[in-house]
Amino acid sequence: MNKTILLLTSDPVVRSVFQEVLERGGYLVLAAGDLGTAVDRLKESRPDLLIISSYIESIPGYDAATFLRTKCRGLCVLMVGGLIEDDRLQYRMTLKGFEVFPKPFAAAAFLEKVDSVLRKVPNEHIASAVSE
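Everything numeric here is computed off the predicted structure, so don't read it as measured data. (Residues numbered from 1 in each chain as written. Predicted model: local features only at pLDDT ≥ 70, side-chain atom pairs only at ≥ 80, totals over all residues. Heavy atoms only, no water.)

Another aspect to go through is the overall build of the chain. For the chain, the helix and strand inventory stands at five helices and seven strands. Mapped in sequence order, the helices and strands of the chain form the string β-α-β-α-β-β-β-α-β-α-β-α. Scored against the burial criterion, the 132 residues of the chain give a buried share of 45%. Sequence separation of 24 or more characterises 66% of the internal contacts of the chain that already satisfy a separation of 6 or more. Roughly 7,100 Å² of accessible area belongs to the chain as shown, and the carbon and sulfur atoms make up 52% of that amount. (Helix = DSSP H or I, 4+ residues; strand = E, 2+ residues; numbered from the N terminus. Buried < 20%, exposed > 50% of the residue type's maximum accessible area, 1.4 Å probe, protein only. Contact = heavy atoms within 4.5 Å. Areas by Shrake-Rupley, 256 points an atom, 1.4 Å probe, with all protein chains shown as cover.)

Now the structure itself:
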């Protein structure tokens, strides 16, 4: 069974490229360009992984991912972006259990990181239900 990824990035070009790379890698991708759409996707499905940009419109990706975890407990998070080199931000993300992958990167390296993160996720999710 293919793993499901919720992809949240507000840039439509980046979202399209990430989606294509992930789908070619064999993943089922639920794409969202804003936080509201991401919440709607969580009502429809329980993804194995959230891939999120460092900023979603004017909201820091860290805050958006933390909010989405209130809607889907135990959600595994991979934050990608060019603005995540800050040691304090990386420390905060590590405390939350978020994985980090800075841009720029090659498609193969991105898929390798996604595979690595998903190998750490148990087959059955920590939380089995999406909160209402």
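This part covers the pairing of strand β6 (residues 77–81). Burial analysis of β6 places five of its five residues in the buried class, the great majority of the element. Across the two faces of β6 the burial is the same, with Val 77, Met 79 and Gly 81 and Leu 78 and Val 80 all buried. The sheet contact formed by strand β3 (residues 49–53) and β6 spans four bridges and is parallel. When the sheet's bridge partners are listed, Leu 50 is paired in β6 with Val 77. Pairing of β6 with strand β7 (residues 99–102), which is carried by four bridges, proceeds in the parallel orientation. Residue pairing across strands places Leu 78 opposite Glu 99, the latter belonging to β7. (Pairing = 2+ DSSP bridges.)

The geometry of helix α1 (residues 12–24) relative to helix α5 (residues 107–120) is characterised by a closest axis approach of 10 Å and an angle of 65° between their N-to-C directions. In terms of orientation, α1 and α5 fall into the roughly perpendicular class. Handedness of the crossing formed by α1 with α5: right-handed. Contact with α1, carried on its side by Phe 18, Val 21 and Leu 22, involves Ala 107, Phe 110, Leu 111 and Val 114 of α5 and no other residues of that element. (Axes fitted to C-alpha atoms, helices over the stretch in contact; angles between N-to-C directions. Parallel < 35°, antiparallel > 145°, perpendicular 65-115°, else oblique. Left-handed = near helix turned anticlockwise from the far one by under 90°.)

Before going further, it helps to spend a moment on helix α3 (residues 61–71). The set of residues buried in α3 consists of Gly 61, Tyr 62, Ala 64, Ala 65 and Leu 68. An end-on view of α3 places all buried positions within 160° of arc, on one side of the element. (Arc of directions from axis to C-beta.)

This part is about the pairing of strand β1 (residues 4–8). Judged by how many residues are buried, β1 sits mostly within the fold: five of five residues are covered. Burial along β1 is two-sided: Thr 4, Leu 6 and Leu 8 and Ile 5 and Leu 7, pointing in opposite directions, are all buried. The pairing of β1 with strand β2 (residues 28–32) spans five bridges and is parallel. The residue of β2 that forms the bridge with Thr 4 is Leu 28. Alignment of β1 against β3, held across four bridges, turns out to be parallel. Paired with Leu 8 across the strands is Ile 52, a residue of β3.

A few words on the sheet that holds β2. With parallel pairing, the five strands of this open sheet are ordered in space as β2-β1-β3-β6-β7. Whereas interior strands pair on both sides, the edge strands pair on one side only; in this sheet they are β2 and β7. Neighbour-to-neighbour, the strand axes of this sheet turn through a mean angle of 20°, independent of strand direction. Along the sheet, α5 makes contact with β1, β3, β6 and β7, crossing β7 at roughly 175°.

In this section: unusual backbone geometry. For Glu 57, which is not glycine, the phi dihedral falls at a positive 55°. Residue position: Glu 57 is located in the loop between β4 (55–56) and β5 (59–60). Overall, the relative accessible area of 56% leaves Glu 57 in the exposed class.

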